[in-house]
Amino acid sequence: MVNGFLRKRSWSAPSVFLTGATGFLGGAFLTDLLQSSYDGEVVCLVRADDDDTAEERIRRSLGRFSTARFTTSYTLPKNVKVLRGDLLSDEWHGSPLLDGIKHVLHLAASTSFGNSRAIRTTNVGGALSVAKAMRGRRLERFLYTGTAAICGASPAPVVHEDDYPDERATHLVAYTRSKAEAERQLAEQFADLPLVIARPSIVVGHTELGCKPSGSIFWVLRAVEALRFITWDPENRIDGVPVDWAASALRHLLFAPRLKHQRYHVSAGKGASVRWKDLAAQYAGLYGGASEDRWEVGDMRQLSAQRVKQAVGDGHPRHLLHALELYYRFCSRDLVFDNCRLLKEGVPAPPRFTEYMRVCEELSTASIY
């Protein structure tokens, strides 16, 4: 499959250093890069106990975005180099594989919505570790991938890039707080690096593979439909983008010779965001029933573990309910992340989620649990 969001062009490129290649967006980016006309090396930092396991993790990551079987006998492309190392360690900083690196994409992160101290350690410490490893090298671009959600709990209806990070923002979870802090510390401590910040909004599904690579945030939508219950106005907007489009946008930001800004939303924006009532209409088309008033609107206290069990089935209803409480807070916000900067750089607008929602639903066969 060839990503059609950005036209491919041939160019001679120096090496890219990539973290997070085993993650959802990282795997999509590596796949997109290999399917483009890029002819340089890409060095992937991978945590593993041995080299074979590190390579196997990359093979599995690529395999999620391919119909081919990436078995243990599959040989990685010659321009993919695997550097085994822990993000928080400096033992890999002097590796010869990093010689000649000109472009860096830092994607590795803990995306948990929990409250573990490890979230800040990974997201702030990891970003600073990569920046430290790259200091003194003649980089053309250091692309740090944050999150548009650093806007906190009470942003304006339309969020613009330079509004944040803001130390006064009230964060709903430790994850967004840590990503905002990482941005600030990179800017303060590594002003000598050619830093560009990309902030994806809600990355959900794939335009062709649906949820085959990852259930991602789509499990929340499935839970909403199963429960037929929301705590927000159906007129509220949701700013979601497919992972393959987001990967191609990151590729553009990584290699564009000149960029007009330092911060970019990788988002649906006003033009491609959808309203919850649009999703209700999609579900009505898929499974029948009314579109209007499809979901009961109420207070989170009306949801019980018993109701979750009745709607979703056996599993761990209390655990699922706790997770839903966290995500429902985000869903309750009616906002979009302005993407005019990205579009003006030549990145095509993303497809609306309703354009590929069907394939996501059709390929979501696993339990919501």
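Residue positions are given per chain, counted from 1 along the sequence in the order it is written. Totals for whole chains, interfaces and linings use all residues, but because this is a predicted model, local features are given only for residues with pLDDT of at least 70 and pairs of side-chain atoms are given and counted only at 80 or more. Calculated side-chain values reflect all of the structure's heavy atoms, with hydrogen atoms and water omitted.

*Asks:* Where do I start with the overall build of the protein in this structure?
*Replies:* Per the convention used, a helix needs a DSSP run of H or I reaching at least four residues, while a strand needs a run of E reaching at least two, with both numbered from the N terminus. If you tally the helices and strands in the protein, you get twelve helices and 15 strands. On C-alpha atoms alone, the protein measures out to a radius of gyration of 20 Å, which is about the 21 Å that the 2.2 N^0.38 rule sets for 369 residues. Principal-axis analysis of the C-alpha atoms gives the protein an extent of 60 × 50 × 40 Å. The contact rule is simple, with two residues in contact once any of their heavy atoms fall within 4.5 Å. Sequence separation of at least 24 residues holds for 82% of the intrachain contacts in the protein that already meet a minimum separation of 6. With residues, only the protein chains shown are counted as cover, and all accessible areas are computed by Shrake-Rupley using a 1.4 Å probe. In the structure as shown, the protein presents an accessible area of about 16,500 Å², 46% of it carried by carbon and sulfur atoms. Counted as positive: Lys and Arg. Counted as negative: Asp and Glu, with His and the chain ends omitted from the count. Taken as the charge location is NZ of Lys, CZ of Arg, CG of Asp or CD of Glu. When the 47 positive and 42 negative side-chain charges of the protein are each reduced to one mean point, those points stand 2 Å apart. The reference for a compact globule is 2.2 Å times residues^0.38; the radius of gyration itself is calculated from the C-alpha atoms.

*Asks:* Is there a simple way to explain the side chain of Glu 183 in this structure?
*Replies:* Examined against the element boundaries, Glu 183 turns out to sit in helix 4 (residues 174-189). Any residue under 20% of the maximum accessible area for its type is buried, any over 50% is exposed, and the rest in between are partly exposed; the area is computed with a 1.4 Å probe on protein chains only. Accessibility expressed as a relative area gives 2% for Glu 183, which makes it buried. With residues up to four places along the chain from it excluded, the contact list for Glu 183 reads Tyr 144, Ile 150, Pro 165, Ile 197, Arg 199 and Arg 263.

*Asks:* Sorry, what's going on with the sheet that holds strand 12 (residues 263-266) here?
*Replies:* Pairing is parallel across the open sheet formed by seven strands, whose spatial order is 3-2-1-4-5-7-12. Of all the strands in the sheet, the pair left with one neighbour each is strand 3 (80-84) and strand 12. If you compare each strand with its neighbour and ignore which way they point, the axes differ by 20° on average. Strands qualify as paired when DSSP identifies two bridges or more between them. Here strand 1 (residues 15-19) runs beside strand 4 (residues 101-106); their pairing, made up of five bridges, is parallel. Of the residues in strand 4, the one forming a bridge with Ser 15 is Ile 101. A fitted line through C-alpha atoms serves as each axis, taken over the contacting stretch for helices, and the angle formed by two N-to-C directions is quoted from 0 to 180°.

*Asks:* Would you mind going over the nonpolar core with me for this structure?
*Replies:* For soluble globular proteins, nonpolar side chains are generally found buried alongside one another. Grouping buried Ala, Val, Leu, Ile, Met, Phe, Trp, Tyr and Cys residues that are joined through side-chain atoms within 4.5 Å yields what is termed a nonpolar core. Residues Leu 18, Phe 29, Cys 44 and Ile 58 are the most contacted members of the largest nonpolar core, which totals 45 residues. At the level of elements, strand 1, helix 1 (24-35), strand 2 (42-46), helix 2 (51-63), strand 7 (195-200), helix 6 (243-255) and strand 12 are the ones that each hand at least two residues to this core. Look past the residues within four positions of Cys 44 in its chain and what remains in contact with it is Leu 18, Ala 21, Leu 30, Ile 58, Val 80, Lys 81, Val 82 and Leu 83. If you look at the next biggest cluster of nonpolar residues, it comprises 43 residues, including Phe 113, Trp 295, Leu 303 and Leu 324.

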